[in-house]
Amino acid sequence: MLNLNSIMIGTKQLKALADFYEKVLGKPEEMVDAENGFYGWQSGSVYFSILDHSEMGGKTKDPGRVMLNFETTEVKEEFERIKALGATVIRAPYEMEGGWIATLADPDGNYFQLVTPMP
């Protein structure tokens, strides 16, 4: 069985995205390689990182193609907190089959969701 161990987002707005996700995750990055343009955090069982990527530029073209899902029992509260950090609201919290989901976008326009943990 394959185990997803990391997710990396390429950007040309390295510092803006790193600052944004530091606030979203509520902790400073655990790894920084300024020379190679890299910031990373352990988030649950997945390592999440931002990388300065020469092929990236401007807003993402297909923001919903790949979405990050951050689990939280406090979807509505986290939605308000992250919205106040400057995230773009894509869809306010809504209930789906007993759980809650909200969709936002980061400074590059990448979509991410806040979701109630699955049983």
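Scroll up for the structure.
Residues numbered from 1 in each chain as written. Predicted model: local features only at pLDDT ≥ 70, side-chain atom pairs only at ≥ 80, totals over all residues. Heavy atoms only, no water.

Overview of the pattern of salt bridges
And step 1. Evaluated as defined, the whole model comprises six salt bridges.
And step 2. A salt bridge links Asp19 to Lys15; the shortest N-O distance between them is 2.9 Å. One end of the pair is Asp19 and the other is Lys15, both in helix H1 (residues 14-25) and four residues apart, which spans about a single turn.
And step 3. Residue classification places Asp19 among the partly exposed residues on the basis of a relative accessible area of 28%.
And step 4. With a relative accessible area of 47%, Lys15 lands in the partly exposed category.
And step 5. Across the pair Glu78 and Arg81 runs a salt bridge, and its minimum N-O distance is 2.8 Å. Of this pair, Glu78 and Arg81 both sit in helix H2 (residues 75-84), three residues apart, roughly one helical turn.
And step 6. The exposure class assigned to Glu78 is partly exposed, which follows from its relative accessible area of 23%. (Salt bridge = Lys/Arg side-chain N within 4 Å of Asp/Glu carboxyl O. Helix = DSSP H or I, 4+ residues; strand = E, 2+ residues; numbered from the N terminus. Buried < 20%, exposed > 50% of the residue type's maximum accessible area, 1.4 Å probe, protein only.)

What to know about the sheet that holds strand S7 (residues 99-105)
And step 1. Spatial ordering of the open sheet is given by S5-S8-S7-S6, a layout of four strands whose pairing is mixed. Every other strand in the sheet has two partners, leaving strand S5 (68-71) and strand S6 (88-96) as the edge strands with one partner each. Sheet twist, expressed as the mean angle between neighbouring strand axes with direction ignored, is 20 degrees.
And step 2. Here S7 runs beside strand S8 (residues 111-115); their pairing, made up of five bridges, is antiparallel. The partner of Leu104 across the bridge, within S8, is Phe112. (Pairing = 2+ DSSP bridges. Axes fitted to C-alpha atoms, helices over the stretch in contact; angles between N-to-C directions.)

Regarding H1
And step 1. Counted at 1.5 Å a residue, the expected span for H1 with its twelve residues is 16 Å, and the 16 Å between its end C-alpha atoms agrees.
And step 2. Looking at H1, one finds that the buried residues are Leu14, Leu17, Ala18, Phe20, Tyr21 and Val24. For H1, the buried positions fall inside an angular range of 165 degrees around the axis, keeping them on one side.
And step 3. One or two positions beyond H1, positive phi appears at Gly26, with a value near 75 degrees. (Expected span 1.5 Å × (residues − 1). Arc of directions from axis to C-beta.)

Comments concerning the sheet that holds strand S3 (residues 38-43)
And step 1. Spatially, S1-S4-S3-S2 is the arrangement adopted by the four strands of the open sheet, whose pairing is mixed. Taken across any chain shown, the strands that pair with only one partner, and hence form the sheet edges, are strand S1 (6-11) and strand S2 (31-33). Averaged over all neighbouring strand pairs, the angle between strand axes comes to 15 degrees, with direction disregarded.
And step 2. Sheet analysis places S3 next to strand S4 (residues 46-52), joined by six bridges and oriented antiparallel. Within S4, the position partnered with Gly40 by the bridge is Ser49.
And step 3. Together, S1, S3 and S4 form the strand contacts of H1, whose direction differs from that of S3 by roughly 15 degrees. (Contact = heavy atoms within 4.5 Å.)

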